[in-house]
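The residues making up each chain are set out below.
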Amino acid sequence: MRDQSVPRAVIILVGLAAGVVVLFGIREVASIAGPVVLALVLVIAVSPVRSWLARRHAPTWLQVAVPFAIVVLVLLAMVGIVTISATQLAYLLPTYTDQFQQLVADTQRWASEHGMGTDVLNRALQALDPGRVLELVQVLLGSLIGVLSALFLIVVLLLAMSLDAPVTAKVLTAGEGNRPHMVTALATFAHKTRRYLIVSTVFGLINAILDMIALSLLDVPLPLLWGVLALIANYIPNIGFVIGLLPPAMLALLDGGVRTMLLVIAAYIVINVVTQSFILPKFLGDAVGLSTTMTFISLIVWTFVLGPLGAILAIPLSLLTRALLIDSDPSAKWVQGLVSGKRPVAGKK
């Protein structure tokens, strides 16, 4: 009898095409999909609080209200700090116009003394023009209403998911008999996401506090804003450190000169190397289960799909995708080695 099985190459191509369609579809509704995923991740992050209250037989309304209040207060505090600090930055930047012009003149003179062309240098310095930075800040402040609208949507979604969390946990437990692999995959996703968020938040706070202390000692303006930026950038894999470093380094250059900028860069590098390279791996270990290559690809893909929020949620989104497409399918176990960058254990089911 003739074999009617579909060639594997066709299956792969159809799967890739379907993935592209799904990603572009999500991109079209990014303003909704982003807050939904963020709310889901935040609910997962505070789920141990709900479990702790449930074990102590707290009322259901308390199991919902306490985790919900924790998340909302943290979100409001961060939005408040960023809003106030960004407003201060908008008023502060125009005062550095003279320093910027002097910096341009000094740099051009140095370049001419060493026989270097100034065309490329001039374009690079123009990109650092405080006027352009001010325009960017004004645009960001102008979009604050949109951010607050998204925040309102996130809070509503948080409330809905928090109300459904006890029932969802029971439904997943009841489904272990029918779809054990799917239930296990989702439970693993929740565990890895929670551990990643908790460890990253703790070390992000440590980094932020140390960065603020260093910036305060160096008299760099708005250390609180740059500390919050360092905390948020800590969730962005691979390039988060650079994103958190560039703005305070540029401001240090305008405020205190090259020496202050170099000291800021040195302080950030030392703090990042000690916490992220030496200490963090001992606590986070292999909890994420993604190779360096997959982490970088995840950053690119989810930033393209959801914008800046996708960069922050790249790891949780990739863990969710892995849970749904790989971990829930027993026949796809071999793919775990490609995704995690580890050789599968022989005989492991």
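First, a word on scope: everything that follows refers to the structure included in this document.

The rules behind each value
- Residues numbered from 1 in each chain as written.
- Predicted model: local features only at pLDDT ≥ 70, side-chain atom pairs only at ≥ 80, totals over all residues.
- Heavy atoms only, no water.
- Helix = DSSP H or I, 4+ residues; strand = E, 2+ residues; numbered from the N terminus.
- Buried < 20%, exposed > 50% of the residue type's maximum accessible area, 1.4 Å probe, protein only.
- Contact = heavy atoms within 4.5 Å.
- Areas by Shrake-Rupley, 256 points an atom, 1.4 Å probe, with all protein chains shown as cover.
- Axes fitted to C-alpha atoms, helices over the stretch in contact; angles between N-to-C directions.
- Parallel < 35°, antiparallel > 145°, perpendicular 65-115°, else oblique.
- Nonpolar A, V, L, I, M, F, W, Y, C, P; charged D, E, K, R; others polar.
- Left-handed = near helix turned anticlockwise from the far one by under 90°.
- Core = buried A, V, L, I, M, F, W, Y, C linked by side-chain atoms within 4.5 Å.
- Patch = residues over 30% accessible without salt bridge, like charges linked within 9 Å, V, L, I, M, F, W, Y side chains within 5 Å.
- Salt bridge = Lys/Arg side-chain N within 4 Å of Asp/Glu carboxyl O.
- Expected span 1.5 Å × (residues − 1).
- Phe/Tyr/Trp six-rings, centres within 6.5 Å; stacked < 30°, edge-to-face > 60°.
- Lys NZ or Arg CZ within 6 Å of the ring centre and 35° of its normal.

Overview of the overall build of the protein
Thought 1: When helices and strands are tallied, the protein shows 16 helices and 0 strands.
Thought 2: When burial is assessed residue by residue, the protein has 36% of its 349 residues classed as buried.
Thought 3: Restricting the contact set of the protein to residue pairs at least 6 apart, pairs at least 24 apart contribute 73%.
Thought 4: For the protein, the accessible surface area stands at approximately 20300 Å², while carbon and sulfur atoms represent 71% of it.

Considering the environment of V335
Thought 1: Counting through the fold element by element, V335 comes out in helix 16 (residues 333-340).
Thought 2: Taking relative accessible area as the criterion, V335 reaches 19% and is therefore assigned buried.
Thought 3: Linking V335 and L325, residues 10 residues apart in sequence, is a C-alpha distance of 10.0 Å.

Some thoughts on the packing of helix 13 (residues 292-306) against helix 15 (residues 314-327)
Thought 1: It is the contact of helix 13 with helix 15, at a shortest axis distance of 9 Å, that shows an interaxial angle of 100°. Judged by the inter-axis angle, helix 13 sits roughly perpendicular to helix 15. When helix 13 is examined against helix 15, the residues T295, S298, L299, W302 and L306 are found in contact with a partner set consisting of A314, I315, L317, S318 and T321.
Thought 2: Among the residues making up the contact of helix 13 with helix 15, the classes are represented as 6 nonpolar, 4 polar and no charged.

Concerning the packing of helix 9 (residues 180-217) against helix 10 (residues 223-233)
Thought 1: It is the contact of helix 9 with helix 10, at a shortest axis distance of 8 Å, that shows an interaxial angle of 155°. The angle between helix 9 and helix 10 falls in the class roughly antiparallel. As helix 9 packs across helix 10, the resulting crossing turns out to be right-handed. Residues T201, G204, L205, A208, D211, M212, L215 and S216 of helix 9 form the contact with helix 10, whose own contacting residues are P223, L224, W226, G227, A230 and L231.

Section: the environment of M261
Thought 1: Tracing the backbone shows M261 in helix 12 (residues 258-284).
Thought 2: Sequence separation of M261 and P248 is 13 residues, and the distance between their C-alpha atoms is 8.3 Å.
Thought 3: Residues within four places of M261 in sequence aside, it is in contact with A249, A252 and L253.

Concerning the nonpolar core
Thought 1: If you look at the biggest cluster of nonpolar residues, it comprises 39 residues, and the most contacted ones within it are L75 and L158.
Thought 2: Secondary-structure elements contributing two or more residues to this core are helix 2 (30-45), helix 4 (60-92), helix 8 (144-174), helix 9, helix 13, helix 15 and helix 16.
Thought 3: With 8 residues, helix 2 is the single largest residue contributor to this core.
Thought 4: Among residues more than four places away in sequence, those in contact with L158 are A39, L42, V43, F68, V71 and L75.

Details of a nonpolar patch on the surface
Thought 1: On the surface, a nonpolar cluster with roughly 690 Å² of combined accessible area is contributed by I198, V202, L205, I206, I209, L210, I213 and L217.
Thought 2: With respect to the helices, strands and loops of the structure, L210 is situated in helix 9.
Thought 3: According to the relative accessible area criterion, L210 is partly exposed, its value standing at 36%.

Digging into helix 9
Thought 1: A rise of 1.5 Å per residue sets the reference length of helix 9, with its 38 residues, at 56 Å; its end C-alpha atoms lie 55 Å apart and thus fit the reference within 8%.
Thought 2: After helix 9 finishes, the residue D219 shows a positive phi value of roughly 60°.

Brief notes about the packing of aromatic side chains
Thought 1: This structure, assessed with the given rule, holds 1 aromatic pair.
Thought 2: Over the ring of F304 we find R27; its NZ or CZ atom is 4.1 Å from the centre of that ring.

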